[in-house]
Amino acid sequence: MQAARVNRVYEAVKDLMNKEQKGFVTGRVFNSFAQIAQLNVFHEMFDDVITAKKLRAQGVDGSDGTSTYNEAIENLAFYKTEASVSNGALPADMYKLIGIRKTGSPTERTPFEIVRNNNDAAHILGSNLSTPTEAFPLAVVTNIVELFPTSISKAVMTYYRLPGSVNTDGTFSDLPPVVATKQDSYNNALVMNTGYRDFMIPRAYESELVYEIAKLIGVRLEDQGVTEFASQEEANR
C-alpha cells in the first residue's frame with residue numbers, strides 16, 4: 001500500500017493557508033504538527049472500521065469491489081505486524097492487540113486465550129478445570145505479557161502498530177514524518193528530494209492529513225477562522 005507523501009501534504013497545507021491569506025508555513029512549523037495530525041488520522045481510521053461495520057450489519061455495504069468495510073480493513077493492514085514476545089514488556093510500538101499464538105510449524109501454532117486483568121487470570125490459574133496447558137495456553141496482557149503454562153517461554157504476537165514514518169527506500173521507521181525544506185532567494189520554502197520521511201498513513205488519507213495540520217496551525221495561531229476554514233474545506237471535500 002502506498003504511503004501519504006509528506007512533500008505533497010506540505011505543499012497542500014501551504015496552498016490552503018495561502019488561500020486563507022494566513023501567511024507562510026515553514027517546514028519547521030509543519031513538522032511540529034505532522035505526527036500529531038498523523039495520530040489523529042490514525043485513530044480516525046479505526047473509527048472508519050466501526051462505521052463500516054455498522055453499515056454492513058444494516059445490509060447497506062457494497063460488494064467486494066466497493067465494500068466500505070473491506071476497504072477500511074485493508075487500510076489497517078498497513079499497520080498489522082508480528083513480533084516475538086516472552087514474559088515481560090509489550091512491544092514499544094503496539095497500539096492494539098490482535099492475537100497471540102505459539103511458535104513452531106503451522107500445526108503447532110496454537111492460539112492463546114487472552115485475558116486482560118489479573119483478577120480473571122487468578123481465577124483461571126487457580127482452577128483445576130481451567131489451568132493452562134500446552135494445548136490450551138493462556139496469555140495475561142496488562143501493561144506486560146505473561147505466558148502460561150510456564151513451559152512456554154516465547155510466543156508470536158500479532159498487533160496493529162503505532163504509525164511512525166516511511167523512509168525514502170520504503171522501509172518503516174519509528175521516527176515521526178518530516179518534510180525537508182530550504183529557503184530560496186525570495187524566502188520561499190522549497191521541498192528537498194532527500195532528508196524527508198513520508199507519513200505512515202495510506203495515501204487515500206492525504207487530504208485528511210492536510211486538513212488536520214491546518215486545523216492544528218489554527219489552534220497554534222489562536223485563529224478560530226483558520227480552524228473553521230480547514231474544517232469547512234474538509235466537510236466540502
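Residues numbered from 1 in each chain as written. Predicted model: local features only at pLDDT ≥ 70, side-chain atom pairs only at ≥ 80, totals over all residues. Heavy atoms only, no water.

Asker: Please explain helix 2 (residues 27-57) as it appears in this structure.
Answerer: Residues spaced three or four apart along an α-helix face the same direction, because each turn holds 3.6 residues. Taking 1.5 Å of rise per residue, the 31 residues of helix 2 would be expected to cover 45 Å, and the 44 Å separating its terminal C-alpha atoms lies within 8% of that figure. If you check which residues of helix 2 are buried, you get Gly-27, Phe-30, Phe-33, Ala-34, Ala-37, Gln-38, Val-41, Phe-42, Met-45, Phe-46, Val-49 and Ala-52. At the exit of helix 2 stands Gly-59, carrying a positive phi of roughly 75°. (Helix = DSSP H or I, 4+ residues; strand = E, 2+ residues; numbered from the N terminus. Expected span 1.5 Å × (residues − 1). Buried < 20%, exposed > 50% of the residue type's maximum accessible area, 1.4 Å probe, protein only.)

Asker: Would you mind going over the environment of Leu-125 with me for this structure?
Answerer: Along the polypeptide, Leu-125 turns up in helix 4 (residues 118-125). Since its relative accessible area comes to 33%, Leu-125 is described here as partly exposed. The sequence separation of Leu-125 and Phe-148 amounts to 23 residues, and the corresponding C-alpha distance is 8.8 Å. Not counting chain neighbours up to four residues away, the residues in contact with Leu-125 comprise Thr-131, Pro-132, Leu-138 and Phe-148. (Contact = heavy atoms within 4.5 Å.)

Asker: Honestly, the packing of aromatic side chains in this entry has me stumped. Any pointers?
Answerer: For any pair of aromatic rings, the description consists of the separation of the ring centres together with the inter-plane angle of the planes. One pass over the structure, following the stated rule, counts nine aromatic pairs. Pairing Phe-30 with Phe-199 gives two aromatic rings, centres 6.3 Å apart and planes at 75°, and the pair type is edge-to-face. Here Phe-30, found in helix 2, pairs with Phe-199, found in strand 12 (residues 198-199); they are 169 residues apart in sequence, far enough to count as distant. A relative accessible area of 0% places Phe-199 in the buried class. Relative to Phe-172, the ring of Phe-78 has its centre 5.8 Å away and its plane inclined at 70°; by these criteria the two rings are edge-to-face. Of this pair, Phe-78 sits in the loop between helix 3 (68-76) and strand 1 (80-86) while Phe-172 sits in strand 9 (residues 172-173), and the two are 94 residues apart along the sequence. Given a relative accessible area of 9%, Phe-78 falls into the buried group. For Phe-172, a relative accessible area of 41% puts it in the partly exposed group. (Phe/Tyr/Trp six-rings, centres within 6.5 Å; stacked < 30°, edge-to-face > 60°.)

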